[in-house]
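This is what each chain is made of:
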Amino acid sequence: MRTVVGHADLKTELKGLEAPIGFVPTMGFLHAGHISLVQRARQECRAVVVSIFVNPSQFGPKEDLAAYPRDLPRDLAMLKAAGTDLVWTPTPESMYPPGFQTWVTVEALTCGLEGEQRPGHFRGVATVVTKLFNAVAPQRAYFGQKDAQQAAVIRRMTRDLDLPIEIVICPTLRESDGLAMSSRNSYLSPAERTAASVLYRALSAARDAHTQGEHRAEVLRRIMQETLAGEPLAEPEYVSCADAESLQEVEQVSGKTLLSMAVRIGRTRLIDNINLD
Ligand code: PAF
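Note that the structure is a prediction, hence the values are computed from the model and not measured.

Student: Got a minute to help me understand the pairing of strand E3 (residues 47-52) in this structure?
Tutor: A regular strand places its side chains so that they alternate between the two faces of the sheet. Of all the six residues making up E3, six are buried; the element is thus mostly covered by neighbouring parts of the structure. Covered by surrounding structure in E3 are Ala-47, Val-49 and Ser-51 together with Val-48, Val-50 and Ile-52, the residues of both alternating faces. Here strand E2 (residues 21-26) runs beside E3; their pairing, made up of six bridges, is parallel. Note that in E3 the partner of Val-24 across the bridge is Val-50.

Structure representation (structure tokens):
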């Protein structure tokens, strides 16, 4: 496995890789969820490239970029074991040089849910992913379903900008109590960690009600809210029952529907979702 920092070195190393290249963009502090993306890319592509870049432009002014967890040696060991060919760790200065002022904005899809709670977040994500795509020029790129709105935004952006890249969305990996794997889980105290399983319990309760014939979105949202209310450490920011493609709230569940939520457990903000087919 090769590791590069600069754009020029990246270009040189990419010349030695055979297509199709599978690309997994990450912000590091990897867990089994990231590794499942690398493994999927390994199965489907001739070469696997991973980027590790904690992207400052997707953090809001009240979000602590400096405190975002980092452990490069551990990340590199995990990526090597998973069969990665090339790791790119660009610097913030090379990604956002002085005078940088060009942004990629995806419109309606970024207005609700995470976009509403975290203004500017998706502008930062869409811009950095475009830059990473341009630099790596992969044939396929792999993202997790856990960040469902991010996945929808990247799919839309790739289509709208005619980027010749297949976007592959992989299932959320969960701990044994259902908590979705996330780098942010490392912030949770033991009591908060126990409480955090309430997100999946709430999503599962709504999904079970839907399986038993409940199609009213309002009732499914209420089931999620009531389950969250039963956990004293949970402070919900939103619960949503939305069309899985447009992410607009629905009244009735008919086609593909996304149940999603953002919940604060202590000082940690967690998100999760499941699809109803
Ligand atoms: O999902 C992430 O880790 C980030 O949002 C991404 C896609 C790597 C862009 O910085």
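Student: Please explain the packing of helix H9 (residues 198-211) against helix H10 (residues 217-229) as it appears in this structure.
Tutor: Describing two packed helices takes the angle between their axes plus the distance from one axis to the other. Taken N-terminus to C-terminus, the directions of H9 and H10 make an angle of 150°; their axes are 8 Å apart at the nearest point. In terms of crossing hand, the pair formed by H9 and H10 is right-handed. From H9, Val-198, Leu-199, Arg-201, Ala-202, Leu-203, Ala-205, Ala-206, Ala-209 and His-210 reach across to H10, where they touch Leu-220, Ile-223, Met-224, Thr-227 and Leu-228.

Student: I keep staring at helix H2 (residues 32-44) and nothing clicks. Help me out?
Tutor: Within an α-helix, residues lying three or four positions from one another point in the same direction, as the helix has 3.6 residues per turn. An ideal rise of 1.5 Å per residue puts 18 Å on 13 residues; H2 measures up with 18 Å between its terminal C-alpha atoms. Of all the positions in H2, only Gly-33, His-34, Ile-35, Ser-36, Leu-37, Val-38 and Ala-41 are classed as buried. Close packing links the buried residues of H2 with E2, E3, helix H3 (72-81), strand E5 (140-144) and strand E6 (166-170).

Basis of the calculations
- Every chain's residues receive numbers from 1 upward, in the order its sequence appears when written.
- Two thresholds apply to this predicted model, a pLDDT of at least 70 for residue-level local features and 80 or more for giving and counting side-chain atom pairs, whereas whole-chain, interface and lining totals are computed over all residues.
- To obtain the side-chain values, all non-hydrogen atoms of the structure were included, while hydrogens and water were left out.
- Throughout, exposure labels follow a simple rule: accessible area from a 1.4 Å probe, protein chains only, divided by the maximum for the residue type, with under 20% read as buried, over 50% as exposed, and the rest as partly exposed.
- By the criteria applied, helices consist of DSSP H or I runs no shorter than four residues and strands consist of E runs no shorter than two, each listed in order from the N terminus.
- Strand pairing is assigned whenever DSSP detects at least two bridges linking the two strands.
- Convention adopted: a line fitted to C-alpha atoms gives each axis, helices being fitted over their contacting stretch, and angles between N-to-C directions are expressed from 0 to 180 degrees.
- Whether a crossing is left-handed or right-handed is set by the direction in which the near helix is turned from the far one by less than a right angle, anticlockwise for left-handed and clockwise for right-handed.
- Residue contacts follow a heavy-atom distance rule, with two residues in contact if any of their heavy atoms lie within 4.5 Å.
- The span expected for a helix works out to 1.5 Å for each residue beyond the first.

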